[in-house]
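Listed here are the chains, written in short residue letters.
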Amino acid sequence: MDLESTDVGVRGCFTGTSDGGRGPPGVSSGGRVVARADMLRGTVPLASRPIAPSDNDFLFALYVSAREGELAAWGWTPAQREAFLRMQWLARGRDWGARYPTAEDRVVLVDGQPAGRLLVVRGEKEWRLVDIALLSSHRGGGLGTQLLRELLEAAGEARVCVRLHVLHDSPARGLYSRLGFQVEPGALPAREDSPYVAMEWTPASCAG
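Because the structure is predicted, anything quoted here is derived from the model rather than measured. (Residues numbered from 1 in each chain as written. Predicted model: local features only at pLDDT ≥ 70, side-chain atom pairs only at ≥ 80, totals over all residues. Heavy atoms only, no water.)

Some details on the sheet that holds strand β2 (residues 104–110)
Next, step 1: The sheet built from 7 strands is open, its strands ordered β1-β2-β3-β4-β5-β7-β6 with mixed pairing. Two strands in the sheet have a free side with no partner beyond their single neighbour: β1 (46–50) and β6 (182–183).
Next, step 2: Sheet analysis places β2 next to strand β3 (residues 113–122), joined by 7 bridges and oriented antiparallel. Considered in β3, the bridge of Asp105 is made with Leu119.
Next, step 3: Lying on the sheet, helix α5 (residues 143–158) is in contact with β1, β2, β3, β4 (126–134), β5 (161–167) and β7 (196–201); it crosses β4 at an angle near 165°. (Pairing = 2+ DSSP bridges. Helix = DSSP H or I, 4+ residues; strand = E, 2+ residues; numbered from the N terminus. Contact = heavy atoms within 4.5 Å. Axes fitted to C-alpha atoms, helices over the stretch in contact; angles between N-to-C directions.)

Okay, structure coming up:
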């Protein structure tokens, strides 16, 4: 996931701002039609709002979009895929709810429409990035990078480290490294066969 700055920015994801987008998507102030990539690089208003029960259909669609490539090769029928994914999505939600009851769970909005999710636990000494996800139609234009930069900027101001877990072979691991995350020294996986690696980001004001 990559992301670049926008007119409004995504600071609201960490400060509680919930302003939606304004104006028709794909048209500049001068009326010129612009490509989606150009829009994401500087003209699409971004905002966020708290997750609501009415977001369940969107959140499931978001989960499916993150795994569609994986399941495409399994040869299952659409009904089989949906039943399997819904079972896993519900189990993950219960697990996160039990482990992170105080997490800030927000829908990321592009042009006022749901485009992704940020789930962050903000403690006094550290923040944990539990989930960052975007619909496939919003990936590759810089959104993920911008969301992470906004999170790290806010964490730097709060002088707290940010921790996360990522799959060893995930492309996102390279993005985290470019933004300053490092594998936690001496970090042990939850299980010996765990596919995840623990990473942390430390603000310059707290380094050393």
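Having seen the structure, we can now continue with the description.
Notes on the side chain of Glu184
Next, step 1: As for its placement among the helices and strands, Glu184 is situated in the loop between β6 and β7.
Next, step 2: Of the polar contacts made by the side chain of Glu184, one reaches the side chain of Arg163; its length is 3.4 Å.
Next, step 3: In this structure Glu184 touches Arg163, Ala198, Met199 and Glu200, once residues within four positions along its chain are discounted. (Polar contact = N/O pair within 3.5 Å; in protein donor to acceptor, adjacent residues only side chain to side chain.)

Considering helix α4 (residues 78–99)
Next, step 1: The end-to-end C-alpha distance of α4, which contains 22 residues, comes to 31 Å, matching closely the 32 Å that a straight helix rising 1.5 Å per residue would cover.
Next, step 2: Here α4 has its buried residues at Phe84, Leu85, Trp89 and Trp96. Buried residues of α4 fall within an arc of 130° about the axis and therefore sit on the same side. Residues Ala79, Met87, Arg94 and Ala98 are exposed on α4 and point more than 90 degrees away from its buried face.
Next, step 3: Buried residues in α4 make contact with α3 (56–72), β3 and β4. (Expected span 1.5 Å × (residues − 1). Buried < 20%, exposed > 50% of the residue type's maximum accessible area, 1.4 Å probe, protein only. Arc of directions from axis to C-beta.)

Here's the deal with the packing of aromatic side chains
Next, step 1: Inspection of the entire model under this criterion finds 5 aromatic pairs.
Next, step 2: Consider the rings of Trp74 and Trp76, whose centres lie 5.0 Å apart with planes at 75°: the pair is edge-to-face.
Next, step 3: We classify Trp76 as partly exposed; its relative accessible area is 31%.
Next, step 4: Pairing Trp76 with Phe84 gives two aromatic rings, centres 5.1 Å apart and planes at 85°, and the pair type is edge-to-face. (Phe/Tyr/Trp six-rings, centres within 6.5 Å; stacked < 30°, edge-to-face > 60°.)

Some details on the packing of α3 against α4
Next, step 1: As a packed pair, α3 and α4 sit with axes 10 Å apart at the nearest point and diverge in direction by 120°. When the axes of α3 and α4 are compared, the crossing they make is right-handed. Facing Asn56, Leu59, Phe60, Tyr63, Val64, Arg67 and Leu71 of α3, the residues of α4 in contact are Arg81, Glu82, Phe84, Leu85, Arg86, Gln88, Trp89 and Arg92. (Left-handed = near helix turned anticlockwise from the far one by under 90°.)

Digging into the nonpolar core
Next, step 1: Core analysis: the biggest nonpolar cluster contains 28 residues, and Trp127, Leu129, Val162, Tyr176 and Phe181 have the highest contact counts within it.
Next, step 2: Secondary structure elements with two or more residues in this core: β2, β3, β4, α5, β5, α6 (172–178) and β7.
Next, step 3: Take this core: its biggest share by element is 7 residues, from α5.
Next, step 4: Residues in contact with Phe181, not counting those within four places in the same chain, are Leu152, Val162, Leu164, Tyr176, Met199, Glu200 and Trp201. (Core = buried A, V, L, I, M, F, W, Y, C linked by side-chain atoms within 4.5 Å.)

Observations concerning the pairing of β3
Side chains on a regular strand alternate between the two faces of the sheet.
Next, step 1: Most of β3 sits inside the fold, with 7 of its 10 residues counted as buried.
Next, step 2: Two successive antiparallel strands, β2 and β3, enclose a turn made up of 2 residues, where Asp111 displays a positive phi of approximately 55°.
Next, step 3: In the sheet, β3 pairs with β4 via 7 bridges, with the strands oriented antiparallel. Paired with Arg122 across the two strands is Trp127, which belongs to β4.

Describing the pattern of salt bridges
Next, step 1: Enumeration according to the criterion identifies 9 salt bridges in this entry.
Next, step 2: For Arg49, the salt bridge identified is with Asp55, shortest N-O distance 2.7 Å.
Next, step 3: Since its relative accessible area comes to 24%, Arg49 is described here as partly exposed.
Next, step 4: The partner of Glu200 in a salt bridge is Arg163, and the shortest N-O contact between them spans 3.0 Å. Of the two residues, Glu200 is situated in strand β7 and Arg163 in strand β5; the sequence distance between them amounts to 37 residues.
Next, step 5: With a relative accessible area of 19%, Arg163 lands in the buried category.
Next, step 6: Overlapping salt bridges, with partners in common, bring together Glu126, Arg128, Arg163, Glu184 and Glu200 in one network. (Salt bridge = Lys/Arg side-chain N within 4 Å of Asp/Glu carboxyl O.)

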